[in-house]
Amino acid sequence: MSTAQSISHRESKPDNYLTHSRGFLSWALTLDHKRIGLMYLVFVLAAFLFGGTFAELLRTSLLTPNHWMFPSNYPIHTADAALNVANATLNAAHDTEAKLFYNNMFSLHGAVMVFMFIIPAVPAVLGNFILPMMLGAKDVAFPRLNLMSFYIYLIGACFVSWVLMGGILRILFGLHVPFGYGLDTGWTFYTPFSTSKAEDGMVAVVAGVFILGFSSILTGVNFIATIHTLRPRGMTWFRMPLFLWALYATSIIQILATPVLAITLLLLLAERLLHVGIFDSSIGGDPVLFQHFFWFYSHPAVYIMILPGMGVISEVISVHSRKHIFGYNFIAFSSVALALLGFLVWGHHLFVAGQSNLADSIFSLLTFSVAIPSAVKVFNWLATLYRGSIRFTPAMLYSLGFILLFTIGGLTGLFLGALETDVPLHDTYFVIAHFHYVMVGSMVFAFLSGMYHWYPKMSGKMCNQNWGRFAAILLFIGFNVTFFPQFIMGAHGMPRRWATYPAEFQPYHIISTIGAYIMAISLITVALNWLTGLLWGRKAPANPWGGNSLEWHTSSPPPHDNFLVPPVADDPYNLAAWEYDASIDGWVLRKTDPVPAPPDRTRPVAH
Amino acid sequence: MSLTHSNDIPAPVAKDVGPNDPHGVHAVPKRLLMAVYIALVVCTFLTVGASKVDMGDANIWVALLIAMVKGALVIMFFMHLWWDSPFNAMALITALFFVALFIGLALLDAHSYQYEIKPTPMATPAPQL
Amino acid sequence: MSSASTTETSVHHGGHEHHDPHLAHHFDTPEQQFNSAKLGMWVFLGTEVLMFGGLFCVYSIYRHNYPLVFKFASETYLSTFWGTLNTLILITSSLTMAWGVRAVQLNQKKLLVVCLSLTLLGAGGFLVIKGIEWHAKWNEHVWFGVWNKYNGLNDESFRAPPPAQPTTEPVVAIMPPPPVSIRATDMDANTGIDISQIKPRYDYAFSQTIQAPSVAPSVEKPSPENANEHYRQLSDAAQWRVNTFFSCYFLMTGLHGIHVVVGMGLITWLLIRSLRNDFSSEYFTPVDLIGLYWHLVDLIWIFLFPLLYLIH
């Protein structure tokens, strides 16, 4: 086991990127894309933990309609009139506190999850780690920019955390930190509420999101330049793994949409702090314009979140069903099509916001066009699975879950894209459920799928597959228990963002909350699974799954420069080139096609 | 986008003007620089002059047209895009296209904005015209 | 970045007669590195265009909705002279920057220093003129949003004058009457308009008093000869929108100004490095990239100038 036969004899050197250099500074100042990816992973998971905690808290508070976490049922019909008055005051205070608490929970949940977890999760973690290796390159095009974008992410996260710290200080010690308390606008920061009545913490969070946006932009610039200029000779555009196509499409959105978010948030801050009168109707602005601005970014941002996940699924489905990906060109172009069409549909968020009827109709029509590339992807994945030899690894289970949940999320999106049905469903739990089916059911599943797929490559260890399978199935169950009742609630008219609700909805809310707890258990299982794998897992072979994209052509974990022998760019889905070797529980290249590669097909030689 | 080509960077352009230069980058000749500069200055005065002439709604389009000509001169010659990789031009054009898309679709909606909040017909019946 | 130690195992650089100290380990040739950097810069410039695009969108919408206000505000308060001068300065600094890039491509190191210095000078001159203009706006009380005297909501002195006697309306009874300020009866220096007569579009608290002509003190109405021609064409509601023009003006020139300041910092850095003799025809990537950035700043001003200063 320990003397694992790698695919190349020259990889027997023990040095890898984790042991290449030691000490805190060797990580903090590293230019190695793999280490930067891991550093992102730590902070992204921390954000996920915080966002998840907020979600559990708000689900818990919704167990009953009457804020049971802030009891406010002091008797007000006693004989003592003074006591009645005092109790009524207490009730009112608890009520306000409960509502503020609830508002903060859902706003922070949304803002932290969207801007600090979902958007960077796949591109910044998996993309950073895998992209250069898939290209057979030593690093991304601009390693220093990469490190800078990580630190920009950290600075932005600090701004958001400021609100968290301010809230804790205020609750525990009664201290008031400037701009440090309360985000009660929701993650969308809608005007005029955000510019007039919202709590101060909104300023810090908006500034934080503004900064996080730059991190996103720089990552996008880096990836585009990398894919354009660092592809090895032999890797044409149509020999790129589909994950790279997805990351390329994501980067296009990141550089085209995120600057508009930056200017939107800048205007929002100017409005709130300087009262410039662009969005605030009381001084001549237009709140609907804010929604145009915000959704010009945030609708494409939905594709920033989902596209890299789709790229992961394309890899995992092919490798774990031992079949060449079906319809490569269609999947590749549908990624780009989604990226571009995503820019044409933002108006469907404004159907009930006072947008003109003409714009309503146009945006509603355009919204349906997004269904085409989405469906193209799903059908091609299904065709890939058809008659494949499917192995139910954790990565595969998450991918299968993705396909199912994304389909449900996408189809319910049709109800929201259609003008007529959106009006009653707008701002109900139906939207919440739809959004979570696409974001959690798809994006988080894809992230976990990718993490399980590349975990051996990142850590050099294998984690326990059975616990991984258990967690995947549990997450699938918990997710559906949480969010499916919300479709029903929404269709019955349960409004989103309400701290209380009519009693008829209580059964649904209880089921939903139980589902949220199941999800928490399964995610904790995942975390423990990864940690135990890291500590006690057996050493991973270079290619544990038999994939043929270039990252599997190097050792696990990879050396500092990724490859000791420059790899040959081949069809990334030519899985037949590998055969299973039981002695290492991994895959090795067939003898008929041995490495090392012929020198004339290596990366470009100098002229 | 040259989708089938393995490397987007075109071969170095012929060094017709720039002398020994390892990057194959074009050094813009002095005369061209000065000609572009003079054109920019002339266009500046032209746009000031044009704004004094009443052309009705056409004024803003004339002003924008002159600005686009100036911008194109700066982009092509000061920023070397004339000799540069086509992908770089595409990056810029894509950005401009999406700005146009954003402004266009947002303007589409601006038609419907109420100029000011009007009293509802119920509160004050509209005068008979 | 230091990279020499990591290139041994690779098969690259075989054809190079010397090792370029500026070549990072993950690139094969300086050419590839230069082209990557340039491509990255162009993509970044694309994001800059989109960021300004947001402000252009704000401008388009409000100009589309209030064309006369924009014309009035621009013609009355913005100086075509200063605007034209600034355009010429920025174009000239763009020329010197382009010339600097040419100089370094041709290895003319002294000329590079001269060109960069001239560019920096131009940028400074631009900002000084911008400062003069902004200062004049401040003196005329026409800043953005609520800091604009045409905006009836923030600056108490430009609300309707206080009622001569307490009214019976409860909303007035709760709120203390706004203090009388000297500016309340001032004539605008440019237009000769009595600003105190500007009515907010909708003012919930004071709507009662505004509509009562009897409570207004005897302020002289501006004579028609004084009033600006365009101003009289504006409806009451539109007059109040002058602040929207200035919000656009300050946001656009402000963001542009920030870019000029950043550009000055970058050019200063280039100047220091070029004085240290860091650049040559072999290696001039930073000069080229910052040159591109500087031209973009110029480019945006080329569009801002007619849109803000030359509204007909």
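Details of the structure are given in the entry above.
Attention here is on the structure that accompanies the text. (Residues numbered from 1 in each chain as written. Chains lettered and ligands numbered in written order. Predicted model: local features only at pLDDT ≥ 70, side-chain atom pairs only at ≥ 80, totals over all residues.)

### Section: the overall build of chain A
At step 1: Within chain A one finds 16 helices and 2 strands.
At step 2: Once the C-alpha set of chain A is aligned to its principal axes, its extents read approximately 90 × 50 × 50 Å.
At step 3: Counting across all 607 residues of chain A, residues that qualify as buried make up 58%. (Helix = DSSP H or I, 4+ residues; strand = E, 2+ residues; numbered from the N terminus. Buried ≥ 20, exposed ≤ 12 C-beta atoms within 10 Å, placed from the backbone.)

### Re the overall build of chain B
At step 1: Counting its regular elements, chain B contains 3 helices and 0 strands.
At step 2: Out of the 129 residues belonging to chain B, those deemed buried represent 31%.

### Structural notes on the interface of chain B and chain C
When the parts of a complex come together, some accessible area is lost, and that lost area is often used as the size of the interface.
At step 1: In this assembly, 46 residues from chain B lie in contact with 45 residues from chain C.
At step 2: Mapped onto the side of chain B that touches chain C, the elements with two or more residues apiece are α1 (30-52), α2 (58-78) and α3 (86-110) of chain B.
At step 3: By residue number, the principal contributor to the side of chain B that touches chain C is α3(B), which donates 14 residues.
At step 4: Considered class by class, the residues forming the side of chain B that touches chain C number 31 nonpolar, 11 polar and 4 charged. (Contact = placed C-beta atoms within 7 Å. Nonpolar A, V, L, I, M, F, W, Y, C, P; charged D, E, K, R; others polar.)

### Side note on the packing of helix α6 (residues 201-229) of chain A against helix α7 (residues 242-274) of chain A
Residues and elements named next belong to chain A.
At step 1: Running from N to C, α6 and α7 cross one another at 155°; their axes reach a closest spacing of 8 Å. Accordingly, the angle class assigned to the pair α6 and α7 is roughly antiparallel. Crossing of α6 against α7: the hand is left-handed.
At step 2: In the contact of α6 with α7, the residues fall into 22 nonpolar, 7 polar and 1 charged. (Axes fitted to C-alpha atoms, helices over the stretch in contact; angles between N-to-C directions. Parallel < 35°, antiparallel > 145°, perpendicular 65-115°, else oblique. Left-handed = near helix turned anticlockwise from the far one by under 90°.)

### A closer look at the nonpolar core
All names here are of chain A.
At step 1: Core analysis: the largest hydrophobic core is formed by 294 residues, its most contacted members being Val112 and Val206.
At step 2: Residue contributions to this core peak at 25 residues, all from helix α3 (residues 81-134).
At step 3: Sequence-distant contacts of Val112, that is, excluding residues within four places in its chain, are made with Ala47, Phe50, Gly51, Phe54, Phe117 and Val160. (Core = buried A, V, L, I, M, F, W, Y, C linked by C-beta atoms within 7 Å.)

### Some points on the packing of α3(A) against helix α8 (residues 287-320) of chain A
Residue and element names in this part refer to chain A.
At step 1: Packing of α3 against α8 brings their axes to within 8 Å, and their N-to-C directions diverge by 40°. Between α3 and α8, the crossing angle belongs to the class labelled oblique. Here α3 and α8 pass one another in a crossing that is left-handed. The residues of α8 that touch α3, namely those facing Ile118, Ile119, Val122, Pro123, Leu126 and Gly127, are Ala301, Ile304, Met305, Pro308, Gly309 and Val312.

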